[in-house]
Each structure stands twice: as C-alpha cells, then as structure tokens.
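Below are the chains, spelled out letter by letter.
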Amino acid sequence: MSDTNGTPATPAGSPGPRPEPLRFFGTTWVDHDHGYALRRIGVAAGSLAAAAAACLVLRFAYEGIAIAGSGSFVTVLVVGMFAVCSALAFRHTWDGFTKSPDPDRQAGLRGLLTIGFVGSLLAYFFRSLVEAPGEKLHRQEYEAARKRHESRTTRRTGNPSKRKRRT
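First, a word on scope: everything that follows refers to the structure included in this document. Just so you know, these numbers come straight off a predicted model, no measurement behind them. (Residues numbered from 1 in each chain as written. Predicted model: local features only at pLDDT ≥ 70, side-chain atom pairs only at ≥ 80, totals over all residues. Heavy atoms only, no water.)

A few words on helix α6 (residues 135-153). An α-helical turn contains 3.6 residues, so any two residues separated by three or four positions project in the same direction. Across its 19 residues, α6 extends 26 Å between first and last C-alpha, which sits within 8% of the 27 Å expected from 1.5 Å per residue. Looking at the buried residues of α6, the elements they touch are α1 (36-68) and α2 (72-96). (Helix = DSSP H or I, 4+ residues; strand = E, 2+ residues; numbered from the N terminus. Expected span 1.5 Å × (residues − 1). Contact = heavy atoms within 4.5 Å.)

The structure is reproduced here in structure tokens:
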C-alpha cells in the first residue's frame, strides 16, 4: 500500500509498481517526457514570481509598521522574525526534497513554515533549477519498489528437490 493515498502500490494485473505523481509534474519525472523541461521552467518562474510578490507584500507590512510609529525595536523584531523563519523554512523545505518528512515534526513547524513562506518558495525555485522538486526522493522510492517487485516476481531456476541438503 502506498502510505500517502492508500492506493495499492502494485495494482492487480499490472507489470509493476506505479510511480507517485509529483505536484505540477504528474509522472513525467520518471522518463523526463511530455513537457518535463517546460514544466520545470514554468515551476521555476512561477515560484520566483510568487516569492517576489511575497516580498512585495512583506514590504507593505514593513511600511505599515513604520507608519504606525511603533518604534525601531518592534521593526527590527518583525524583520528578524521573518528573516529567521524564512531561513528555517528554506532549510526544512530543501531537506524535504531529499528525505521523507516526519509528520509530527511537520505539524509542529506549520506556523513557522507559514511565516517563512518566502524561504519555502525560494527553496522550490532553486530545486526546480536542478530537478523537479521531490524527484530524487520519489525516484529512490520508485526504484526500491521496482526492485522489490522484481525480486518477488522472478522465478526459481532448477529443480529444488535435486539440491544438496546442508548437514
């Protein structure tokens, strides 16, 4: 069974396990076909544009704090919070592309990742320059599933009754 969606990893009558689809890429990441390169370019451009728009929104928030006249301490505190949260979100998102995230840790970091959304968008942008975000992890899982399927379906050779018994 697939852990993420509850579907069988190998449906009855199929030649082997099916790859899990990636967001924006489907299963094109397996063979890099059907517009894979264009999708990567689109994802990179989209995530960079979203990060730029997010920075613009944060700039408006900064100006709102400055207009409110709440003081330099609050301004430095808010800017520092967004910078630290963005750095942590970047690192967490980047690590999530190479190893399966722990669901309990993910739930605990939900607020931090929400505040540091610019870091997550930038991690998505930089990863899409190299590969489809999450492709490496999905490829490892898919190759392991294929090897398990292959070892289960290979037939024995020879007559087992003619083997020498260990004594």
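Unusually for a residue other than glycine, H32 sits at a positive phi of about 55°. Mapped onto the elements, H32 comes out in the segment before α1. Here H34, not a glycine, exhibits a phi torsion of approximately 55°, which is positive. Topologically, H34 is positioned in the segment before α1.

Where nonpolar side chains cluster on the molecular surface, the patch consists of F73, V74 and L77 and spans about 310 Å² of accessible area. Its location among the elements puts V74 in helix α2. Since its relative accessible area comes to 32%, V74 is described here as partly exposed. (Patch = residues over 30% accessible without salt bridge, like charges linked within 9 Å, V, L, I, M, F, W, Y side chains within 5 Å. Areas by Shrake-Rupley, 256 points an atom, 1.4 Å probe, with all protein chains shown as cover. Salt bridge = Lys/Arg side-chain N within 4 Å of Asp/Glu carboxyl O. Buried < 20%, exposed > 50% of the residue type's maximum accessible area, 1.4 Å probe, protein only.)

Below, the discussion takes up α1. Here α1 spans 48 Å end to end across 33 residues, near enough to the 48 Å set by a 1.5 Å rise per residue. Taken as a whole, α1 has its buried residues at Y36, R40, V43, A44, S47, A51 and A54. On the buried face of α1, the contacting elements are α5 (117-130) and α6. Two residues or fewer past α1, G69 is found with a positive phi of approximately 65°.

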